[in-house]
There are 2 protein chains.
Amino acid sequence: MTADGKVVSRIERPTEAERGPHVVLASLLELIRQLLASYPSTGAVGVACAGQIHPATGTVVYAPNLGWRDVPLASHLQRGLGLRLTVENDVRAAAWGEFAFGAGAGTQSLVAVYVGTGVGSGAVLDGALWRGASNGAGEVGHTQVVWEGLDCPCGRRGCLEQYVSGSGFQRRLRLALAGGVATRLAPETAGDPARLTATMVKAAADAGDAFAREVWEDAERFLTLAVANYVTLLNPEALVLGGGVIEAVPRLFEAVAAGVPRLTTVLARGLRIERAQLGDWSGVVGVAALASGKAGDR
Amino acid sequence: MTADGKVVSRIERPTEAERGPHVVLASLLELIRQLLASYPSTGAVGVACAGQIHPATGTVVYAPNLGWRDVPLASHLQRGLGLRLTVENDVRAAAWGEFAFGAGAGTQSLVAVYVGTGVGSGAVLDGALWRGASNGAGEVGHTQVVWEGLDCPCGRRGCLEQYVSGSGFQRRLRLALAGGVATRLAPETAGDPARLTATMVKAAADAGDAFAREVWEDAERFLTLAVANYVTLLNPEALVLGGGVIEAVPRLFEAVAAGVPRLTTVLARGLRIERAQLGDWSGVVGVAALASGKAGDR
């Protein structure tokens, strides 16, 4: 990527996490070298990675999707490449991408909320990523929207993620099927909740399926509530919504965009509410921007 | 106050807001001159004021308790004194006071939540007050803790302030009395909800009064929930709780201090949870620290 955010080359390859961190690191190194061969004047490398990244060392402290614990991603690649290396959590990197070159360009602060398999977020305040005192800021998916609500695998109850995410929808269907609830989503998923998508929930709700309607109404209302509370606390200049579920069902963005101004304080009503613009590549663009030294660190 | 936070002299006088802004400003000027006469080398003056303060001009944009709109507090006093003048919202100033010289001393970030007549907060992130893009950050009293919950005078429903604040308690008693609910708080307030205090609610709950018990349980659970969500989003180093209701009923601090670690993400568990240390003077100490140039501005 150039310093002004223009992506000049792309390569994609499956992660193959099941083969272990060493294979993934070797594959990553090979990909980066391939790109560098065409762009030898490249000054820095950025890697966006799901999971908890140590803000100083770039070590992947914990990445459940990859099955990684304490993998020294940054130092390994740095040794192999001899270039400045930046590793950032993918959701925070995506927020930074939207801030630097996407829906939040021109603002000084934004909150970006991503709804996909889970729900995550990143906040840019006064032109810098806010990572939190122990690198844990932005866990909007685990803010609690219902007192003693649905059980969450995190061990608590009523977390937003159980009401509006791919994994949350699947979990609710699993419980419903176990409880004998009648829903067209049973035959549509051939009884396998892992096949359920947000699009299917919305379509079934529109077709009058009572279970799907309840699930979808909860999704709209609690995403709106949680995001509104986020805005009320932080009063950012822009709110950016992205992720697979937001992209698959346009109505969800519309519901939140209409609902948040009604649920936030008068002071926050100047808020810009935008769809994420960088799509799947927002994390990549964001971490490239961070790596190139476009601020982001304090 | 000295630059290291030692208060060297105090004067108190009733605001007499009912006499209008001109009288209040004249009275304030007189008080400050009285203090300056004893400390002629004073370099700056700070004023903490309830309401919405313009961050650049120090004008009181709106202060419902005083009945003020667009009162040029900073410029008026500056003309009268010829000293550098800083005006800050009292709750934000209090948060800064706790950060600079109180319960948050030594940290780089904190969230301070004050529960009194209303519920307000201030956040210090990476050593600076976060005021929000339109000066509206921190309205935790108007985060919504119950979907379609109790009506709030702000026009929305389920706001935290209706469940845990002096005004919220009084409002609930007013509704209960109008609805014919039997409670010992009726005779104890002589039928006048404006006489109700948090201490009375807690004592009646402990004595088995069903209405008071419900009100108090809601207060504990929803303050804990809202504060936990705040921590989950911002991951501050310290959480500081203060204000009249927190000071009057020690149990409320204990309930929140015990509950927040259970309701926040693993990452936030290093959180320090502290009582506010500066009491009624936290706003004064905080704005003096801001005025003396102890950071706080970006």
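Along each chain, numbering runs from 1 in the same order as the chain's sequence is written. Going through the entries in the order they are written, you letter the chains from A and number the ligands from 1. Note on the predicted model: pLDDT of at least 70 is required for a residue's local features to be given, and 80 or more for side-chain atom pairs to be given and counted; whole-chain, interface and lining totals, by contrast, use all residues. Water and hydrogen atoms were dropped before computing side-chain values, which therefore reflect all heavy atoms in the structure.

(A) The sheet that holds strand E8 (residues 128-129) of chain B, seen in detail. Residue and element names in this part refer to chain B. Strand pairing is defined by DSSP finding a minimum of two bridges between the two strands. The numbering of helices and of strands both runs from the N terminus, where a helix is a DSSP run of H or I of at least 4 residues and a strand a run of E of at least 2. Strand order in the open sheet made by the five strands is E8-E7-E6-E9-E10, with mixed pairing throughout. Looking at which strands have only one partner, the edges of the open sheet turn out to be E8 and strand E10 (272-275). As paired elements, strand E7 (residues 119-125) and E8 share two bridges and run antiparallel to each other. Looking at the pairing, Val124 lines up with Leu129 of E8. The contact criterion used throughout is that any non-hydrogen atoms of two residues lie within 4.5 Å. Every axis corresponds to a line fitted to the C-alpha atoms, with the helix fit spanning only the stretch in contact, and the corresponding angles, defined between N-to-C directions, vary from 0 to 180 degrees. Against the sheet, helix H7 (residues 210-234) touches strand E6 (110-115), E7 and strand E9 (238-242), its axis set at about 160° to E6. Contacting E9 and E10, helix H9 (residues 250-263) crosses the sheet at an angle of about 175° to E10.

(B) Representation of the relation of the copies chain B and chain A in the model. Of the transformation placing chain B onto chain A, the axial shift is 0.0 Å and the rotation is 180°, giving an RMSD of 0.0 Å. When the rotation and shift are considered jointly, the pair of chain copies conforms to a two-fold rotation axis. A share of 100% of the interface residues of chain B reappears at the interface of chain A, consistent with the copies meeting face to face through the same patch. To superpose the copies, least squares is applied to the C-alpha atoms of every residue with a pLDDT of at least 70 in both.

(C) Main features of the side chain of Glu161(A). All names here are of chain A. Note on placement: Glu161 falls in the loop between strand E8 (128-129) and helix H4 (166-178). The side chain of Glu161 is buried and forms no salt bridge, while Arg171, the nearest opposite charge, is found at 9.1 Å. Side-chain polar atoms of Glu161 contact the backbone nitrogen of Val119, separated by 2.9 Å. Setting aside chain neighbours within four positions, we find Glu161 in contact with Gly118, Val119, Gly141, His142, Ser167 and Gly168. Burial classification: accessible surface area is computed with a 1.4 Å probe over protein chains only, and a residue below 20% of its type maximum counts as buried, one above 50% as exposed, and the rest as partly exposed. We score Asp and Glu as negative and Lys and Arg as positive, and we do not count His or the chain ends. By convention in these notes, a salt bridge is any Lys or Arg side-chain nitrogen within 4 Å of a carboxyl oxygen on Asp or Glu. Here a polar contact is taken to be a pair of N or O atoms separated by no more than 3.5 Å, where protein atoms must pair a possible hydrogen donor with a possible acceptor and residues adjacent in sequence count only if both atoms sit in side chains.

(D) Local environment of the confidence of the model for chain A. Residues with a pLDDT of 70 or more make up 97% of chain A, whose mean pLDDT is 94. At the level of chain-chain contacts, confidence expressed as ipTM amounts to 0.95, with global pTM at 0.95. Within a predicted model, pLDDT stands for the predictor's per-residue confidence, ranging from 0 to 100.

(E) Highlighting the interface of chain B and chain A. Between chain B and chain A, the residue contacts involve 37 residues of the former and 38 residues of the latter. Two parts placed together each lose some accessible area under a 1.4 Å probe, and adding up what both lose gives the buried area. Both faces considered, chain B and chain A share a buried interface measuring about 3600 Å² in area, 62% of it formed by carbon and sulfur atoms. Our count for the contact surface shared by chain B and chain A stands at zero salt bridges. There are 22 residue pairs in polar contact (both at pLDDT 80 or more) connecting chain B and chain A. Secondary structure elements with two or more residues in the side of chain B that touches chain A: H7 and H9 of chain B. No other element matches the eight residues that H7(B) contributes to the side of chain B that touches chain A. Counted by class, the side of chain B that touches chain A contains 14 nonpolar, 15 polar and eight charged residues. Throughout, the ten residues Ala, Val, Leu, Ile, Met, Phe, Trp, Tyr, Cys and Pro are labelled nonpolar, Asp, Glu, Lys and Arg are labelled charged, and all others, Gly among them, are labelled polar.

(F) Structural context of the pairing of E9(B). Residues and elements named next belong to chain B. Of all the five residues making up E9, five are buried; the element is thus mostly covered by neighbouring parts of the structure. Here E9 shows no split at all, with Ala238, Val240 and Gly242 on one side and Leu239 and Leu241 on the other all buried. Of the pairings in the sheet, the one linking E9 to E10 comprises four bridges and is parallel in character. Among the inter-strand pairings, Leu241 is bridged to a residue of E10, identified as Arg275.

(G) Representation of helix H2 (residues 73-81) of chain B in the model. All names here are of chain B. Taken together, the buried positions of H2 are occupied by Leu73, Ala74, Leu77 and Leu81. Projected down its long axis, H2 carries its buried residues within an arc of 90°, all on one side. Where the residues of H2 are buried, they touch helix H1 (21-38), strand E1 (44-49), strand E3 (60-63), strand E4 (68-71) and strand E5 (84-89). In the stretch just after H2, Gly82 is the one whose phi turns positive, near 70°. As used here, the arc is the angular range of directions from the helix axis to the C-beta atoms.

(H) Main features of the environment of Arg195(A). Residue and element names in this part refer to chain A. Tracing the backbone shows Arg195 in the loop between helix H5 (185-188) and helix H6 (198-206). On the basis of relative accessibility, which here comes to 53%, the residue Arg195 falls in the exposed class. Sequence-wise, Arg195 and Pro21 are 174 residues apart; in three dimensions their C-alpha atoms are separated by 28 Å. Setting aside chain neighbours within four positions, we find Arg195 in contact with Thr189, Ala190 and Met200.

(I) Representation of the packing of helix H3 (residues 90-101) of chain A against helix H10 (residues 282-291) of chain A. Residue and element names in this part refer to chain A. Viewed as axis vectors pointing N to C, H3 and H10 meet at an angle of 75°, and their least axial separation amounts to 6 Å. In terms of their interaxial angle, H3 and H10 are classed as roughly perpendicular. Between H3, through Asp90, Ala93, Ala94, Trp96, Gly97, Glu98, Ala100 and Phe101, and H10, the contact on the second element is made entirely by Ser282, Gly283, Val285, Gly286, Val287, Ala289 and Leu290. In terms of residue class, the contact of H3 with H10 is made up of nine nonpolar, four polar and two charged. Each angle gets one of four labels, with under 35 degrees taken as roughly parallel, over 145 as roughly antiparallel, 65 to 115 as roughly perpendicular, and the rest as oblique.

(J) Looking closely at the nonpolar core. Here, nonpolar core refers to any group of buried Ala, Val, Leu, Ile, Met, Phe, Trp, Tyr and Cys residues whose side-chain atoms link them within 4.5 Å. In this structure, Val113(A), Phe169(A), Leu239(A), Val113(B) and Phe169(B) are the most contacted members of the largest nonpolar core, which totals 99 residues. Once residues within four sequence positions are removed from consideration, Val113(B) is found in contact with Val119(B), Gly120(B), Ser121(B), Val140(B), Val227(B), Tyr230(B), Leu239(B), Val240(B), Leu241(B) and Gly242(B).

(K) Molecular detail of the packing of aromatic side chains. Residue and element names in this part refer to chain B. The pairing test for Phe, Tyr and Trp rings, Trp by its six-membered ring, is centres within 6.5 Å, and the orientation test on the planes gives stacked under 30 degrees, edge-to-face over 60, and tilted for anything in between. Here the structure, examined in full by the defined rule, presents eight aromatic pairs over all chains. Considering the side-chain rings of Tyr163 and Phe222, the 4.9 Å spacing of their centres and the 55° angle between planes classify their relative orientation as tilted. Remark: Phe222 occurs in helix H7 and Tyr163 occurs in the loop between E8 and helix H4 (166-178); sequence separation between them is 59 residues. By relative accessible area, which is 5% here, Tyr163 ends up buried. Judged by relative accessible area, Phe222 falls into the buried class, the value being 7%. Taking 6.0 Å as the distance between ring centres and 35° as the angle between the ring planes, the aromatic pair formed by Phe169 and Trp216 counts as tilted.

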